[in-house]
Every structure is written in structure tokens, then in C-alpha cells.
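Each chain, written out:
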Amino acid sequence: MEFYIDDNDFIWSVCPTDGKLVTSQFDSLLQNRWKSASEAGVCRYQLTHLQTKVLPGTFGFVAQLNANRATQRRVPQNLQKVNNPFDPIEFNFNKVAAQEVLLKPVHKEASGKTEDNAAVIINVSPLEFGNSLLVPSVTANIPQRVTLEGLDLLLRLMLLSSDANLKAGFNSPGGYASVNHQHYHLYYLRERLYLETASVEHIAGPCFALTDFPSKGFAFQLHNDPTLLAKNVFILVSYLCANEIAHNLFVTRGKRFGETSTDAYDTIRVFVWAREPSFGVKEEIGFNPALCELAGHLLIKEPPAYEVVTEKDAAEMLDSITRPWYHQVRENIPNLFRAT
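Here we summarise the structure given alongside this text. Model, not experiment: these values are computed from the prediction.

Before going further, it helps to spend a moment on the sheet that holds strand β14 (residues 297-300). Here three strands make up an open sheet; going across it, the order is β2-β3-β14 and the pairing mixed. What marks the edges here is a single partner per strand, and that holds for β2 (51-54) and β14. Strand-to-strand twist of the sheet, defined as the mean angle between neighbouring strand axes without regard to direction, takes the value 20°. Note that strand β3 (residues 62-65) and β14 share four bridges and pair parallel.

So this is what it looks like as C-alpha cells:
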């Protein structure tokens, strides 16, 4: 079950079309174990081929109908602020069954470490193929907040994948997090997203602005050091946490900022959105604007909403919940990254 992370196995460039790279060991293990667990009935429902369409318009929003997730998932925890203490009475990942654990990633240099173990756990209410939860430190009982160590581990797993379809992300409390135990989503999406190649503008240091998209937020990219990328993103996320600002994070393979001369995806892009908070147990009509939706992947809950959703309506919602917070946070970006 342990999977050893060797930095020498990092894959720095992938092709955004299928069939041109051999599937990596990480992708093969994750996908095969996910399929086996799903077929064994571990999930609350079978994730059959999801009804999917790309909405007409500028941004190529990918809309998917997943009514089962809307009706059969575990009731989200009633979180009332961004920084909630861990509650051992509530559901947490110490309580999952053994058959839900797919991988236990261990950095090769830290092999033999037994405390604060990491795990990749199948999401029993999957949103897409391969949907799993990276829990960087199961037994440490860290509440749902980004840590530098967790983000670094997530980026290293992304670098072990040769599949441009692999996506990752994080929902804070107030950003539709449903479990108050540190975890990051992993899943595969066949359709290409606008964010993989979207243009950005520089703000300060390593931080860029995502302005050519309805979800207004901040962007970072990998050069050749995942730990440095994790540190840069963590500076911003720490500021959001310290100021009780709800947020979402999305990670994808993509083109280097400003790159137009190659078809290859030669970086990892990380997007961070400060957003209008949504505390308590709330269910929006149509879709909940969390990490997938802010990235342009719309998880629609009911057939009528799926039939009528338009880019215009979705874009207006995403803009309205991010624009005011984006401008508020942007004023502080030069100070946050003054020394970088």
C-alpha cells in the first residue's frame, strides 16, 4: 500500500492530448485501485459515464450532471468560520474503512516514518473518475486548512503524473469544505479547461492575476522547484486564513505563463480565489461554486438546471462571488511578496 515518492521520477512536461505519453506508475496505481474499490461497492453510488457538455461561449465551461452526488453524499459539516478547531466527534479520516485507502505516499528520503502518515483515500461520493482525497497527515488531526507540508506533497504527486487530465484542489471552510480534516481533492477530467492556457498579468514577485476569466483570482506557476511553489502559494493562503477570508485552490497542468510557441504543458499552474463565504450547510440551486466550479468545471445537481445552464449565467455567479474579494486582497499582494 505504501507508495514511495522519488523526486527523480518527476515528469516536467506532458502532452494535453491522450496517447502520447506512457501512463506513469502513479497514474496506473491510482486509477487501477480507484476502479477496483469502486467496483467493489466502496462508493455510495457507481460513477457511470457522466452526462457532459461544453457550454458555448468564450470560456469553454465544462458542465456535468451528477445528480447522485447531490442526493447521496454525506451531509456537510456545519462550519461557521474559516478557522475551525478539529472536532474528533465529527466525521474525520481516522474513521474511514481500510478498503477506502488507495495509497500511502511516503517521500523516499523519509521512508520509515510512521507518525502523521499520509493517505490517498477514495471519495465515496465521487465527482469524477479517480476522485480521491489526499490527507497529508491523517493522525495529526489538522483541521481543514492548507499547510506548507500538505501543499508540497500535493505538488509532488502532481509531478508524478503524466496525465494532463489530473486536477487537484482545496476548499476552505466557507468555500464549501464539507469535512473539517485537512484534505485535497484529486480527480481526472477528460475535457480541457480554459485555465490551462489562460493569460495572466503580473502583480508582484511570483504572484500573477487571473483577470481574463469570470472567477477573479491569483495564479502561480512551477519553474523547477515544487517546494518553492508551495511556499509562494502558502504565503497568500496564510494571509487569507489569518484574515478569515474563505478561499478555494485549483491545481492543473498547463502552459507556462506567456508561452505560445509549444503545444506541451510544461508547468503546473496553481490558482487561488478569495471568495464570498458560504457558511453553514447550504445547497445552491444548480451548482455549488467551489474549487471545480471556480475553475470552469460545473458540477450540476439536477437535470433541469443542466439543460438550461449558460455561460452567461455561470460567469455572472462566479464573478459576483470573487470580484470584490479579489480587489480587496490584491491591494496587499505587493506587501506579501516584497521579499520574494
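That was the structure; now back to the text.
Moving on, we come to empty space enclosed by the protein. If you walk through the whole model with that rule in mind, you get two cavities of 30 Å³ or more. Computed from the structure, the largest cavity encloses a volume of approximately 550 Å³. Taken together, 35 residues line the largest cavity, and the ones lying closest to its centre are Arg69, Arg73, Asn123, Ser178 and His185. Within the residue set of the lining of the largest cavity, elements represented by two or more residues are α2 (67-72), β5 (119-122), β7 (166-171), α5 (291-294) and β14. In terms of residues, the lining of the largest cavity owes the most to one element, α5, which gives three residues. A per-class count over the lining of the largest cavity returns 19 nonpolar, nine polar and seven charged.

Let's shift gears to the packing of aromatic side chains. Where two aromatic rings form a pair, the distance of their centres and the angle of their planes describe that pair. According to the stated counting rule, one finds 15 aromatic pairs in the structure shown. Seen from their ring centres, Trp34 and Phe129 are 5.2 Å apart, and the 70° between their planes marks the pair as edge-to-face. One end of the pair, Trp34, is in helix α1 (residues 25-39); the other, Phe129, is in the loop between β5 and β6 (132-135), and 95 residues separate them in sequence. Ring geometry for Phe61 versus Phe213: centroids 6.0 Å apart, planes at 85°, classification edge-to-face.

Rules behind the numbers
Residues numbered from 1 in each chain as written. Predicted model: local features only at pLDDT ≥ 70, side-chain atom pairs only at ≥ 80, totals over all residues. Heavy atoms only, no water. Pairing = 2+ DSSP bridges. Helix = DSSP H or I, 4+ residues; strand = E, 2+ residues; numbered from the N terminus. Axes fitted to C-alpha atoms, helices over the stretch in contact; angles between N-to-C directions. 1 Å grid on protein atoms, 1.4 Å probe; cavity = no way out; pocket = protein on both sides within 12 Å on 5 of 7 lines; lining within 4 Å. Points joined across faces, edges and corners; volume = space filled by probe spheres on them. Nonpolar A, V, L, I, M, F, W, Y, C, P; charged D, E, K, R; others polar. Phe/Tyr/Trp six-rings, centres within 6.5 Å; stacked < 30°, edge-to-face > 60°.

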